[in-house]
Amino acid sequence: MLDPFALVKDEVSEVSNRLRSMVAAEVPELTSAAGYFFRAGAEGKTTCPTVLLLMASAIRTDTPVSTIGSMNELRAKPMCIAEITEMIHVASLIHDDVLDLADTRRGMDSLNSAVGNKLAILAGDFLLFRAFSAAGSLDNAEVVSLLATALNNLVTGELMQMNVTPAQRCSMDYYLQKTYYKTAALISNSCKAVAVLAGQTADVAALAYQYGRHLGIVTAPVLFAMEEFPELRESVERGFHDPSDVATALEYLAKSEGIERTRLLATEHAKLAARAIDALPEVGDRVALISRQALKDLAQKLIRRTK
Ligand code: FPP
Ligand code: MG
Ligand code: MG
């Protein structure tokens, strides 16, 4: 198996470096709050930028030797999408921690606990401004619209989680929709943005989107367990605010096929992600072929992590 992270690690670290300078604001307080999660050592996992940069290579068509010199130019746009995606992602986490009254994030103080809610909210707003002004400078209306859709989905997903009825808590459709919005919509729309910016066909852009969607979807062990043990329904309906409901759920989960079915669902999504890559137009370019294999391996690695 390839190490997908190793293949693009230099570019990913360039993205991290550039993010540090991109968040400079007029007011030093805002610069330091907005840059809080971009400081060295605070960046977290690099899955999103890795996927986007591999996707850019995976969909490149045979690159004639004459264009090798302008390689940096070819990589500049996907790197910019990676930066924008990271800014939107971090903004959503900063706002999420305010909403959740969270004390920690990535093993550090959350931004709200470090600087207070007010500055944390403004730092998130500022990151969204930086993200969309960078998107605007790419001069492609479809790309701006894809990123706006991702942002809308994040907000909608958060609201679906906040205002959920007892019946909705028990619905797999509702769960998967909310999960797609919260965890997969950003990467799927950004993958598509990479393809659109590369001037790819609508078919290729749709496959890039599908790959991101399947990669981003996580799973639902408790709801599967509930199908086997309907007595779990009441705990699920109440939303696990009460520790005794959590204990009940874990007890039933252990007895159920929930975990196994979750694993199967994750495997299915990894397969569908790989299928999207296999459906890309044939290519002879070696870098493209290696990147395609790396994207498939990455999907496998992510399910192993859920095991
Ligand atoms: C983490 O969920 C939260 C998200 C993935 C998205 C949150 C979205 C918003 C707050 C809407 C506003 C969006 C932007 C871009 C400003 P979690 O709380 O379930 O998980 P975690 O806290 O354990 O990571
Ligand atoms: Mg949270
Ligand atoms: Mg939350």
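Rules used throughout
Residues numbered from 1 in each chain as written. Chains lettered and ligands numbered in written order. Predicted model: local features only at pLDDT ≥ 70, side-chain atom pairs only at ≥ 80, totals over all residues. Near = placed C-beta within 6 Å. Helix = DSSP H or I, 4+ residues; strand = E, 2+ residues; numbered from the N terminus. Axes fitted to C-alpha atoms, helices over the stretch in contact; angles between N-to-C directions. Parallel < 35°, antiparallel > 145°, perpendicular 65-115°, else oblique. Left-handed = near helix turned anticlockwise from the far one by under 90°. Contact = placed C-beta atoms within 7 Å. Core = buried A, V, L, I, M, F, W, Y, C linked by C-beta atoms within 7 Å. Buried ≥ 20, exposed ≤ 12 C-beta atoms within 10 Å, placed from the backbone. pLDDT = per-residue confidence, 0-100. Nonpolar A, V, L, I, M, F, W, Y, C, P; charged D, E, K, R; others polar.

Caption draft 1: Representation of the site of ligand 1 in the model. Ligand 1 sits among 16 residues. The nearest are S92, H95, D96, L154 and E158. The set of elements that each furnish at least two residues to the shell around ligand 1 consists of α5 (71-99), α7 (117-137), α8 (141-162) and α10 (172-197). Of all the elements, α5 adds the most residues to the shell around ligand 1, at six residues.

Caption draft 2: Seen up close, the packing of helix α2 (residues 9-22) against helix α4 (residues 47-58). Relative to each other, α2 and α4 sit at 125°, their axes nearing to 10 Å. If you check the angle between α2 and α4, you find them oblique. Where α2 crosses over α4, the handedness of that crossing is right-handed. Across the interface between the two elements, E11, V12 and V15 of α2 pack against P49, T50 and L53 of α4.

Caption draft 3: Spotlight on the nonpolar core. If you look at the biggest cluster of nonpolar residues, it comprises 75 residues, and the most contacted ones within it are L52, M55, C191, V194 and A208. Of all the elements, α10 adds the most residues to this core, at 11 residues.

Caption draft 4: Spatial organisation of unusual backbone geometry. Of note in the backbone geometry, R106 takes a positive phi value of approximately 50° without being a glycine. Structurally, R106 is set in the loop between β1 (104-105) and β2 (108-109). Of the residues examined, R106 has 13 C-beta atoms within 10 Å and is grouped as partly exposed. Despite not being glycine, D139 shows a phi value in the positive range, around 60°. Looking at the secondary structure, you find D139 in the loop between α7 and α8.

Caption draft 5: Region of the structure containing the confidence of the model for the chain. Averaged over every residue, the pLDDT of the chain is 90; residues scoring 70 or more account for 95%. Across the interface, the model reports ipTM at 0.92; the global pTM reads 0.89.

Caption draft 6: Layout of the packing of helix α11 (residues 202-216) against helix α15 (residues 258-278). Where α11 contacts α15, the axes come no closer than 8 Å and their chain directions differ by 165°. Taken as axis vectors, α11 and α15 run roughly antiparallel relative to one another. Handedness of the crossing formed by α11 with α15: left-handed. Across the interface between the two elements, L207, Q210, Y211, H214 and L215 of α11 pack against H269, L272, A273, A276 and I277 of α15. Here the contact of α11 with α15 is composed, by residue class, of seven nonpolar, three polar and no charged.

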